[in-house]
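Remarks on the overall topology
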Amino acid sequence: MELEEKITRKIIEYASRDWLEYTNVDVVVVGAGPAGLTASKYLSDRGFKTLVLERRLSFGGGIGGGGMLFHRLVVEERVKPILEDFGIRYVEAGGDLLVVDSAELMAKLAAGAIDSGARIIHGITVDDVVYRDNPHRITGVAIQWTPVIMSGLHVDPLFIYSRAVVDATGHDAEVLTVAARKIPELGFMPEGEKSAYAESAEELVVERTGKVVDGLYVAGMAVAALYGLPRMGPVFGGMLLSGKRVADVISEELGMND
Ligand code: 48F
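Owing to the predicted nature of the structure, the values given are computational and were not obtained by experimental measurement.

Focus: the site of the ligand
In the region of the ligand, 27 residues are neighbours, and Glu54, Gly62, His171, Met221 and Gly233 sit closest. Val126 has a polar backbone atom sitting 2.9 Å from a nitrogen atom of the ligand. Starting from 730 Å² of accessible surface for the ligand in isolation, the protein chains cover 93%. Comparing atom positions with the cavity grids shows the ligand to sit within the largest pocket. Elements with a contribution of two residues or more to the shell around the ligand: helix H2 (34-45), strand S2 (50-54) and strand S7 (124-132). Per-element accounting of the shell around the ligand gives the leading share, three residues, to S7. Residues that form the shell around the ligand fall into these classes: 12 nonpolar, 11 polar and four charged.

As C-alpha cells, then:
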C-alpha cells in the first residue's frame, strides 16, 4: 500500500473510532472558550465523559484577542486557585488584580482540559439541540462541519446524545437561542447582554451560571446573554469561575461529586 493510502486509512479509521466512542457522552460542552475549557477540565476530573465541540480550528474563544489586541488579560485574585490548577502563571498587579498572558491562558486551559480527559473536536458547529417531551428536556445536540454551514449547502446534521449540554458559546448564546426559538415550550428566551458594568457583570455571571432546563446548562458570556446581564470586557475571572461552577452544578445534578 502506498504511503498516501496508508495515511488516509489511518486518519479515517482513528477519527471514526473517536466519533463512535463519542456519540453518547455525559456532557457536551459547546465552545472551547475560557468558560467551556474550564468546565471541561473540572467535569473530566470528576469522571464525566466530556466532549467539547468547537466551531473554529483554534482554542480560547475571546482570549486570543486580549484587550483590544493587547496580549494581556486581567483576572481577580480570587481566581488564583483555578489558575494554579491549570499551571497558568500570573503577575500580582495590585488592586486585587492578576495579569496573565493571553497565549498562555489559551494554551494551558486547553491543555488542562485535554490532560484531564476531555475530547475536543474542532471545526464542528452545533446548530440545534435534540429534545424529548413529557417532561421537556434536552437530550443532545445536532452537529455539522463548520465549512458545510459556511458553504450554505443543505446537508443534514448528525446527532450526539448526552446527559447534559452546556452552552458555552459566548456572547450569542447560540444553543440557548436555537432551543428557545424552536421549542417555545421550554419557557425561556435570551434577552441579550447589556453594556459594560464590569464589577457587577463579574459577580452576576457566576451567580446565574447553571441549569436552564433539564439537560441544558449555561456558562460564561452566554449567561449574560440569557439573563440580560452587563458585559465586563477583558477581565476573565468570571469566565473561569462560571466554568467551574457549571461543572459543580452538573456533578451535583448528575451525581458525581469528586
Ligand atoms: O466567546 P468565548 O470566548 O465565550 P466565553 O467562554 O468567554 C467570553 C470571553 O471570551 C469574552 C468576555 C469575557 O470577559 O467578554 O468575550 O463565554 O468562546 C465561545 C466559543 O464558542 C465557539 C466560538 O467559536 C468560541 O470559541 N462557538 C460559538 N458558537 C458555537 C461555537 C457553535 N454553535 N458551535 C460550536 N462552537
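Notes on the packing of helix H7 (residues 198-207) against helix H9 (residues 237-254)
At a closest axis distance of 8 Å, the pairing of H7 and H9 adopts a crossing angle of 10°. Compared by their axis directions, H7 and H9 come out roughly parallel. Every residue of H9 that contacts H7 at Glu202, Val205, Val206 and Glu207 is listed here: Gly237, Gly238, Met239, Leu241, Ser242 and Arg245. Considering only residue class, the contact of H7 with H9 consists of four nonpolar, three polar and three charged.

Here we look at the side chain of Thr139
Along the chain, Thr139 falls in strand S8 (residues 137-145). The buried category is assigned to Thr139, whose relative accessible area is 5%. Excluding residues that lie within four positions of it along the chain, Thr139 makes contacts with Val130, Tyr131, Arg132, Ile160, Tyr161 and Ser162.

Quick word on the layout of surface pockets
Counted as a void, the largest pocket has a volume near 650 Å³. Taken together, 33 residues line the largest pocket, and the ones lying closest to its centre are Gly61, Gly62, Thr169, Gly170 and His171. Taken together, the elements giving at least two residues each to the lining of the largest pocket come down to H2, S2, S7 and helix H8 (221-227). Residue contributions to the lining of the largest pocket peak at three residues, all from S7. Residue composition of the lining of the largest pocket, grouped by class: 16 nonpolar, 11 polar and six charged. When its volume is computed, the second largest pocket comes out at roughly 230 Å³. For the lining of the second largest pocket, the secondary-structure elements that each account for two or more residues are helix H1 (3-21), S8 and strand S9 (158-167). Residues belonging to the lining of the second largest pocket are distributed by class as follows: 10 nonpolar, two polar and one charged.

Calculation rules
Residues numbered from 1 in each chain as written. Predicted model: local features only at pLDDT ≥ 70, side-chain atom pairs only at ≥ 80, totals over all residues. Heavy atoms only, no water. Near = heavy atom within 4 Å. Polar contact = N/O pair within 3.5 Å; in protein donor to acceptor, adjacent residues only side chain to side chain. Areas by Shrake-Rupley, 256 points an atom, 1.4 Å probe, with all protein chains shown as cover. 1 Å grid on protein atoms, 1.4 Å probe; cavity = no way out; pocket = protein on both sides within 12 Å on 5 of 7 lines; lining within 4 Å. Sits in = over half its atoms within 2 Å of the grid points. Helix = DSSP H or I, 4+ residues; strand = E, 2+ residues; numbered from the N terminus. Nonpolar A, V, L, I, M, F, W, Y, C, P; charged D, E, K, R; others polar. Axes fitted to C-alpha atoms, helices over the stretch in contact; angles between N-to-C directions. Parallel < 35°, antiparallel > 145°, perpendicular 65-115°, else oblique. Contact = heavy atoms within 4.5 Å. Buried < 20%, exposed > 50% of the residue type's maximum accessible area, 1.4 Å probe, protein only. Points joined across faces, edges and corners; volume = space filled by probe spheres on them.

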